[in-house]
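Structural overview for review
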Amino acid sequence: MSVALTRSAKNSAGKGTAAPVYRRSRQRERILQLLQSTGTHPTAAWLFERMKKDFPHLSLGTVYRNLGILTEQGRVRRISAGSSFDRLDANTSPHAHFICDRCGAIIDLDEPDVGLGQDVGQGLGLVVERRELRLYGLCGRCAAKT
Ligand SMILES: [Zn+2]
Ligand SMILES: [Zn+2]
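Description of the structure in this document. This structure is a prediction, so every number in the text was calculated from the model and none was measured.

Points about the overall build of the protein chain
Along its length, the protein chain carries six helices and five strands. Reading the protein chain from its N end, one meets helices and strands in the order α-α-α-α-β-β-β-β-α-β-α. Taken over 146 residues, the protein chain has a buried fraction of 11%. Long-range contacts, defined as pairs at least 24 residues apart, comprise 45% of the intrachain contacts of the protein chain with a sequence gap of at least 6.

Considerations on the sheet that holds strand β5 (residues 134-137)
With mixed pairing, the three strands of this open sheet are ordered in space as β4-β3-β5. Looking along the sheet, the strands with just one partner apiece sit at the ends: β4 (106-110) and β5. Strand after strand, the sheet turns through a mean of 25° between neighbouring axes, direction not considered. Strand direction decides the pairing type here: strand β3 (residues 95-100) and β4, joined by five bridges, are antiparallel. Paired with I99 across the strands is I106, a residue of β4.

Details of the nonpolar core
Listed in full, the eight residues of the largest apolar core are I31, L35, L47, V63, L67, L70, V76 and L88. Among the secondary structure elements, those contributing two or more residues to this core are α2 (26-36) and α4 (60-72). Ranked by residue count, the leading element in this core is α4, at three residues. If we ignore the near neighbours within four places in the chain, the residues touching L47 are I31, L34, P42 and V63.

Examining unusual backbone geometry
Negative phi values dominate among residues other than glycine, just as trans dominates among peptide bonds. Backbone geometry places H41, a non-glycine residue, at a positive phi of 55°. Inspection of the secondary structure puts H41 in the loop between α2 and α3 (44-51). On the basis of neighbour count, H41 is assigned to the buried category, with 24 C-beta atoms found within 10 Å.

Considerations on the packing of α3 against α4
At a minimum axis separation of 10 Å, α3 and α4 run at an interaxial angle of 120°. Compared by their axis directions, α3 and α4 come out oblique. Considering only the axes of α3 and α4, their crossing is right-handed. Two secondary-structure elements touch here, α3 through A44, A45, L47 and F48 and α4 through L60, V63, Y64 and L67.

Regarding α2
Among all positions in α2, only R28, I31 and L35 are buried. Down the axis of α2, the buried side of the element spans an arc of 55°, and every buried residue falls inside it. Exposed residues pointing more than 90 degrees away from the buried face of α2 are listed as R26 and Q33.

Describing the packing of α2 against α4
Running from amino to carboxyl end, α2 crosses α4 at an angle of 75°, the nearest separation of the two axes being 10 Å. Classified by the interaxial angle, the pair formed by α2 and α4 is roughly perpendicular. Residues Q27, R28, I31 and L32 of α2 form the contact with α4, whose own contacting residues are T62, V63, N66, L67, I69 and L70. A breakdown of the residues in the contact of α2 with α4 according to their chemical character gives six nonpolar, three polar and one charged.

What counts as what
- Residues numbered from 1 in each chain as written.
- Chains lettered and ligands numbered in written order.
- Predicted model: local features only at pLDDT ≥ 70, side-chain atom pairs only at ≥ 80, totals over all residues.
- Helix = DSSP H or I, 4+ residues; strand = E, 2+ residues; numbered from the N terminus.
- Buried ≥ 20, exposed ≤ 12 C-beta atoms within 10 Å, placed from the backbone.
- Contact = placed C-beta atoms within 7 Å.
- Pairing = 2+ DSSP bridges.
- Axes fitted to C-alpha atoms, helices over the stretch in contact; angles between N-to-C directions.
- Core = buried A, V, L, I, M, F, W, Y, C linked by C-beta atoms within 7 Å.
- Parallel < 35°, antiparallel > 145°, perpendicular 65-115°, else oblique.
- Left-handed = near helix turned anticlockwise from the far one by under 90°.
- Arc of directions from axis to C-beta.
- Nonpolar A, V, L, I, M, F, W, Y, C, P; charged D, E, K, R; others polar.

Dropping the structure here:
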């Protein structure tokens, strides 16, 4: 991977922030755009529904493949929310999630105590590279209905 990365990084110098390993794809850019336009953490099927009109030959498999690339590039995060489908997030800054047990809403929260993982891991000789904080309960709308 590092070879391809170095080579094409030189070729595409100054061409913006898109990761260099993969050719630019209109479909992939559209996926990212759609994900960035919503805070609802949608599924791949949601993306597929919205893209069918502009890309009539698109398949759900292509959406998944592009999502795999975007995830690998660190531009999209997958959230397995307990349901059968991964939910997607184009907000790559560190943040926590609140997941509603009733309606499945996923809400972004500011990440508290960013150093926590490192502190805990250090004593055990662990190298903590990621952390994920999730809170569960009822979202405001569901709580109001109770
Ligand atoms: Zn809810
Ligand atoms: Zn999020």
